[in-house]
Amino acid sequence: MTASTSSPTSSTAGTPAVLGAPVTLEISGMTCASCAMRIEKKLNRMPGVEASVNYATEKATVRLPEGTDVAAAIATVEKTGYGAVLPAPPVESTGATGTAPAEDPETRSLRERALVSTALAVPTLLLSMVTPLQFDNWQWLVLTLAAPVVVWGAYPFHRAALVNARHGAATMDTLVSIGVLAAFAQSLYALFFGMAGMTGMTMELRLVTAPGQGGDEIYLEVAAVVTAAVLVGRWLEARAKNRSGAALRALLDLGAKDVAVLRDGAGSTREERIPVGQLVAGDVFVVRPGETVATDGTVVEGSSAVDESMLTGEPVPVEVGPGSTVTGATTNSGGRLVVRATRVGAGTRLAQMARLVEAAQSGKAEVQRLADRVSGVFVPVVLVVALLTLVGWLVWGDDPAAAFTAAVAVLVIACPCALGLATPTALLVGTGRGAQLGVLIKGPEVLESTRRVDTVVLDKTGTLTTGRMRLVDVVAADGEDPAEVLRLAGALEHGSEHPIARAVAEAAQRPVPVGTLTAGTTTDDATDGRLTLPPVEGFASRQGLGVAGTVEGHAVVVGRAAWLASEWSQHLSQRQQQQVRDAQDAGRTVVAVGWDGAVRGLLVISDTVTPTAAQAVAELRSLGLRPYLLTGDNLAAARTVAAQVGIDPDDVRAEVMPEDKLAEVRRLQAEGRVVAMVGDGVNDAAALAAADLGIAMGTGTDVAIEASDITLVRDDLRAAVDAVRLSRATLRTIKGNLFWAFAYNTAGIPLAVAGLLNPLLAGVAMAASSVFVVTNSLRLRGFRSVTGA
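Residues numbered from 1 in each chain as written. Predicted model: local features only at pLDDT ≥ 70, side-chain atom pairs only at ≥ 80, totals over all residues. Heavy atoms only, no water.

Digging into the packing of aromatic side chains
Any two aromatic rings considered together are summarised by their centre-to-centre distance and by the angle between their planes. Considering all chains together, one arrives at three aromatic pairs under this definition. For the pair Trp140 and Phe192, a centre-to-centre distance of 5.5 Å together with 75 degrees between the ring planes defines the contact as edge-to-face. Placement of the pair is Trp140 in helix H4 (residues 138–153) and Phe192 in helix H6 (residues 172–192), with a sequence separation of 52 residues. Its relative accessible area of 28% is what places Trp140 among the partly exposed residues. (Phe/Tyr/Trp six-rings, centres within 6.5 Å; stacked < 30°, edge-to-face > 60°. Helix = DSSP H or I, 4+ residues; strand = E, 2+ residues; numbered from the N terminus. Buried < 20%, exposed > 50% of the residue type's maximum accessible area, 1.4 Å probe, protein only.)

In structure tokens, the structure reads:
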């Protein structure tokens, strides 16, 4: 008995899984969605086993019954012709910044095969199709160029075809492998046993194959071009899949790398800086202004404003003091804090969010590629037709060479050269045009989602709004000048780093028509003149309450109305109290400004709606999408924004945390909706990953961008409209390409069966279909944005 099997709760390889617990296996060797379906069927045939295999993430989630060893599930996958291993245990963080992993071996191999095969296939095609280039013995050079492509370049397809054959299945790999080998075998026969190897041989285009003519022509360009085209498509797909772990790396990089821990000794307390990975629950550590909170904990000393936008998405910091809880990876915006660690490592909120993102990514619906679905029916039919063609010609007593040539013509005309180009060319042109418009599409699997999306969930801050606090109104008391209220308040707030203070200071320094700023006027509308900010004497700040100082001989205070009343005996009038309530009901923040013993005015600060948000929501509705607003802000603010952009009040969800956003997306999906999620923050990452279509604002966090399917470079929600429209247009183009790729080939099969189609003409038809596919894809370059670009 080995140590690895001594404990039933061990999670190492080869030991029984925890009863009823799901086990994750990393699957290797899958080449298409049908591979995942085959593995899933095999696993589910095991007694009591429930399994789900995700082709996109290359993982299987297996729930094992009592007494079943996980090794049995691994053995079942291996017997099916694929690899399966338990994931490697997570590596403890050392505090070093995470970096993107190097290109995985499978993707690197595909890249090498695609580039080399393309370099060899291009001259092969030119020599074979352009008669003036055919010098004496050109055919042997073509054989030299094509042979490595067929043998080495197409090896993944040959291997996959063998695996499929062992299990009685057929996919696109089968079609590619058989078509390539048939064309190559026919060419070898013609070169070594026919007349194609003679000096001075040229290829002439004939519509009909005459008896005995099978040994006169070669089809090496067919074998080479098909291989290169499909390899390029597979490489592009592998590159997209290789980024699946980037969201988790970006999320974990948000955490602090080291921390200043307080240690007792020799009658005094000293600070010791250690890596975050060495922090344990109960340690007391210091967080200075501007630093990242190292881990979840409770404040034991100090007060400050903490930026929790990674959790709530909202720009207004949360005031904390002794007894308040703080979350790891949030930012201390104000004073010095002393915090006692309550949760570390895998128990922190950041780690929980990472698990949410990973689970959401793994739970995405499998991508059923259209080419694979069609190939599952098309391939067996083609093979049967080719075999019947060969047998039929021989039964009727025709020349065996002609019979073989007719059968080869069937396989060649059915070989999917254009099929290999259909997706990558449209994707290349579509994504290129998208990049010009500020829309980055991550992979072909994204396109399928856009066609079915009927619901769009919108984050508020940074998506519908600017994500920055701005002064939107100055309400002066009777007899006071609004410009003077703003000038004195701005002078005082200029010395503070609080986001609200920065909003006031920026507004005070912005060009304004002096003396004409009135209630309801946004300082963004000002165009001339500039307020001069006077110096401040005796500046003092009270964390979470406000600031005070002497400006031009006036004792000025700016802060919460309750603070002005309790400590400065400056009380709001009944009219001002109503004005505060009205502003707060609209989801805005109000600070009072007073000097010389009286409240002189109110400053209204808010996150403002972007100028194009309403148009974007209307455009999304025109595409058949129902918009929802999901935010961590309060309900009043959320409904105010919803009313401005045209979202129904019943479709607003406020005060939601990251897990709540994920749950809301899941709820809508459970109702049968196909959901697109648009967000920009860390708190949106899990919902972006779980949505059928995740769209991240490019001005947002790396976590949100990596967890999404589409990234919007422009800070404009209308880019989301372009993303959906362009994705749908690209998908329509791909489907059109696939239709013609099969239509050309299918139409030629009856002619090939009857011996009325020369395999060379079949190759020409394939080339023509490829040209059509490329030309059709190039039409996407004319796609126009809703902005007119």
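Let us keep going from here.
As for the UniProt feature "transmembrane region" (unreviewed entry) in the protein
The residues that UniProt annotates with the feature "transmembrane region" (unreviewed entry) are residues 114–132, 138–155, 175–198, 218–236, 374–396, 402–429, 737–754 and 760–778. With 84% helix and 0% strand, the stretch residues 114–132 has end C-alpha atoms that lie 28 Å from each other. A helix fraction of 75% and a strand fraction of 0% characterise residues 175–198, whose end C-alpha atoms lie 31 Å from each other. (UniProt positions renumbered as here; feature names shortened; annotations may be inferred.)

As for the pairing of strand S18 (residues 546–551)
Among the six residues in S18, five count as buried, and that is most of the element. Judged from the four bridges that link them, strand S17 (residues 537–542) and S18 form a sheet pairing that is antiparallel. When the bridges of S18 are listed, Arg542 appears paired with Gly546. Remark: three residues form the turn of the hairpin made by S17 and S18, two consecutive strands paired antiparallel; Gly544 in that turn has positive phi of roughly 80 degrees. What sits between S18 and strand S19 (residues 554–559) in their antiparallel hairpin is a turn of two residues, with Glu552 showing a positive phi close to 55 degrees. (Pairing = 2+ DSSP bridges.)

A closer look at the sheet that holds strand S21 (residues 598–609)
Strand order across the open sheet formed by six strands is S16-S21-S20-S19-S18-S17, with antiparallel pairing between neighbours. With partners counted over all chains shown, the strands left at the sheet margins are strand S16 (465–476) and S17, one partner each. Shown here is a sheet whose adjacent strand axes are inclined to one another by a mean of 20 degrees, direction ignored. Both S18 and S19 contribute to a ladder of six bridges, which runs antiparallel. Considered in S19, the bridge of Ala548 is made with Val557. (Axes fitted to C-alpha atoms, helices over the stretch in contact; angles between N-to-C directions.)

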